[in-house]
Amino acid sequence: MPDTSRPLAARNAIVTGSTSGIGLGIARALADAGANVLLNGFGDPQQIAALAAEIADQAKVRVAHCPADMTKPAEIAGMVPFAEQTLGGAVDILVNNAGIQYVAPIEEFPIEKWDAILAINLSAVFHGTRAVLPGMKARKWGRIVNIASAHGLVASPFKSAYVAAKHGVVGLTRTTALEVAEFGVTANAICPGYVWTPLVEKQIDEQAKAHGIDRERVIREVVLAPQAAKRFTTVEELGALAVLLCGPAGQSFNGAALPVDNGWTAR
Ligand code: NAD
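Residues numbered from 1 in each chain as written. Predicted model: local features only at pLDDT ≥ 70, side-chain atom pairs only at ≥ 80, totals over all residues. Heavy atoms only, no water.

A. The nonpolar core, seen in detail. Among the nonpolar cores identified, the biggest contains 38 residues, and Ile26, Leu30, Ile93, Val95 and Ile190 are the most heavily contacted of them. Of all the elements in the fold, those that place two or more residues in this core are strand S1 (12–15), helix H1 (21–32), strand S2 (36–40), helix H2 (45–59), strand S4 (93–96), strand S5 (142–147), helix H8 (235–246) and strand S7 (257–260). Contacts of Val95, omitting those with residues within four sequence positions, involve Ile14, Val15, Thr16, Ile26, Leu30, Val145 and Ile147. (Core = buried A, V, L, I, M, F, W, Y, C linked by side-chain atoms within 4.5 Å. Buried < 20%, exposed > 50% of the residue type's maximum accessible area, 1.4 Å probe, protein only. Helix = DSSP H or I, 4+ residues; strand = E, 2+ residues; numbered from the N terminus. Contact = heavy atoms within 4.5 Å.)

B. Structural context of the pattern of salt bridges. The full count for this structure, using the stated rule, is 9 salt bridges. The partner of Glu221 in a salt bridge is Arg220, with the nearest N and O atoms 3.4 Å apart. (Salt bridge = Lys/Arg side-chain N within 4 Å of Asp/Glu carboxyl O.)

C. Here's a closer look at the environment of Glu201. Tracing the sequence through the fold places Glu201 in helix H6 (residues 198–211). Judged by relative accessible area, Glu201 falls into the partly exposed class, the value being 38%. As for Glu201 and Asn254, which are separated by 53 residues in sequence, their C-alpha atoms are 32 Å apart. Look past the residues within four positions of Glu201 in its chain and what remains in contact with it is Trp196 and Arg215.

D. The sheet that holds S1, seen in detail. A sheet is described by the order of its strands in space; here 7 strands give the open sequence S3-S2-S1-S4-S5-S6-S7, paired in parallel fashion. Because the sheet does not close on itself, it has two edges, and the strands there are strand S3 (63–66) and S7. Going across the sheet, the axis of each strand differs from the next one's by a mean of 20 degrees, ignoring polarity. When S4 meets S5, the two strands line up parallel, connected through 4 bridges. Bridged to Ile93 within S5 is Arg143. Along the sheet face, H8 touches S4, S5, strand S6 (185–192) and S7 and points at about 165 degrees away from the line of S6. (Pairing = 2+ DSSP bridges. Axes fitted to C-alpha atoms, helices over the stretch in contact; angles between N-to-C directions.)

E. Main features of the packing of H1 against H2. For the pair H1 and H2, interaxial distance at closest approach is 9 Å and the crossing angle is 30 degrees. In terms of orientation, H1 and H2 fall into the roughly parallel class. In this structure, H1 meets H2 at a crossing whose hand is right-handed. In this structure, H1 contributes Leu24, Arg28, Ala31 and Asp32 to the contact, and H2 contributes Leu51, Glu54, Ile55, Gln58 and Ala59. Looking at the contact of H1 with H2 residue by residue, the class counts come to 5 nonpolar, 1 polar and 3 charged. (Parallel < 35°, antiparallel > 145°, perpendicular 65-115°, else oblique. Left-handed = near helix turned anticlockwise from the far one by under 90°. Nonpolar A, V, L, I, M, F, W, Y, C, P; charged D, E, K, R; others polar.)

F. Quick peek at the layout of surface pockets. For the largest pocket, the calculated volume is near 840 Å³. Looking at the lining of the largest pocket, the elements with two or more residues in it are H1, helix H4 (111–139), helix H5 (160–180) and H6. Broken down by element, the residue count for the lining of the largest pocket peaks at 6 residues, all from H6. In terms of residue class, the lining of the largest pocket is made up of 19 nonpolar, 17 polar and 6 charged. Counting contributing residues per domain, the lining of the largest pocket is built from domain 1 (12–194 + 234–266) and domain 2 (196–232), each supplying no fewer than three. Estimated volume of the second largest pocket: approximately 150 Å³. Every residue lining the second largest pocket is listed: Gly21, Leu24, Gly25, Arg28, Ala29, Asp32, Val235, Glu236, Gly239, Ala240 and Val243. Sorting the residues of the lining of the second largest pocket by element identifies H1 and H8 as the ones contributing at least two each. Ranked by residue count, the leading element in the lining of the second largest pocket is H1, at 6 residues. (1 Å grid on protein atoms, 1.4 Å probe; cavity = no way out; pocket = protein on both sides within 12 Å on 5 of 7 lines; lining within 4 Å. Points joined across faces, edges and corners; volume = space filled by probe spheres on them. Domains from an automatic or database assignment.)

G. Spotlight on empty space enclosed by the protein. A full pass over the atoms with the stated rule returns 1 cavity of 30 Å³ or more. In this structure, the largest cavity spans a volume of roughly 30 Å³. Looking at the largest cavity, the residues that line it are Asn96, Asn97, Ala98, Asn121, Val125, Ile147, Lys166 and Val169. Of the residues in the lining of the largest cavity, the class split is 4 nonpolar, 3 polar and 1 charged.

H. Here's a closer look at the site of the ligand. Contacts to the ligand come from 30 residues, most closely from Ser20, Asn97, Tyr162, Val195 and Thr197. Here Phe42 contributes a backbone N or O atom positioned 2.9 Å from an oxygen atom of the ligand. Contact between the ligand and Asn97: an oxygen atom at 2.7 Å from a main-chain N or O atom of the residue. Judged by the fraction of its atoms near the pocket grid, the ligand is located in the largest pocket. Secondary-structure elements contributing two or more residues to the shell around the ligand are H1, H5 and H6. (Near = heavy atom within 4 Å. Polar contact = N/O pair within 3.5 Å; in protein donor to acceptor, adjacent residues only side chain to side chain. Sits in = over half its atoms within 2 Å of the grid points.)

Listed below in structure tokens is the structure:
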């Protein structure tokens, strides 16, 4: 009898940008569901090593860390052989999660910020997907989960690069699904509304400057204003959804862009 509490037992997963926030929540959830996990992202090497050891110990799976920079295509592709070596098997699951944000009017938007957001939030999804697909197609099994955003479905002012990149992620997810559906591979996008993570915390000050209002008003009148329910989604909720998409119950989701946004895009 398969262990239904460990639907991802013996699977190997890469989660980009998983030293913090949503990626870390998803990495923990995949590990708890039985998958070996390759962490990726920036941070203090000692703290990351301790984090990897803690997750491995708690979930009784293998956990490693690869410091690949998501602006560098060769380093992104290199994560696949690195994962095979450190996790001890082929890569079954890729969660493209790494992302950054910057908030400013278009005419003041720094060109290097535009380039970095497009590289990390969109092009890295292409490079990672390109690197894992040959193996997944050959083995006739694979799961690609792209962390897009409600901003992959609708826009907000002052987030030109982010909105463009996330709409791109949704389009790339749909294209991937159409190309791989007959090979036992699925590709889906999760589109969260606001999740309280370092990425959101940092942008509160940028939003305050762009809108000319204080932090409390930003949270009330800008951040949570478009959501029907005025609450932040948790990383645990997103982890549970990623496990569902990667497990047996997720088999028929393909090319979906799933809003997890407290009613934001229902309007
Ligand atoms: P976060 O800032 O907490 O974490 C970002 C992670 O990406 C970190 O691990 C960081 O080290 C890593 N990272 C950044 N640049 C990198 C690079 N060049 N190479 C490798 N790793 C890099 O952010 P978060 O809020 O957890 O966001 C994660 C994803 O979720 C992003 O794609 C973001 O756009 C998306 N998202 C977040 C929210 C939200 O409200 N927080 C909502 C919708 C979508």
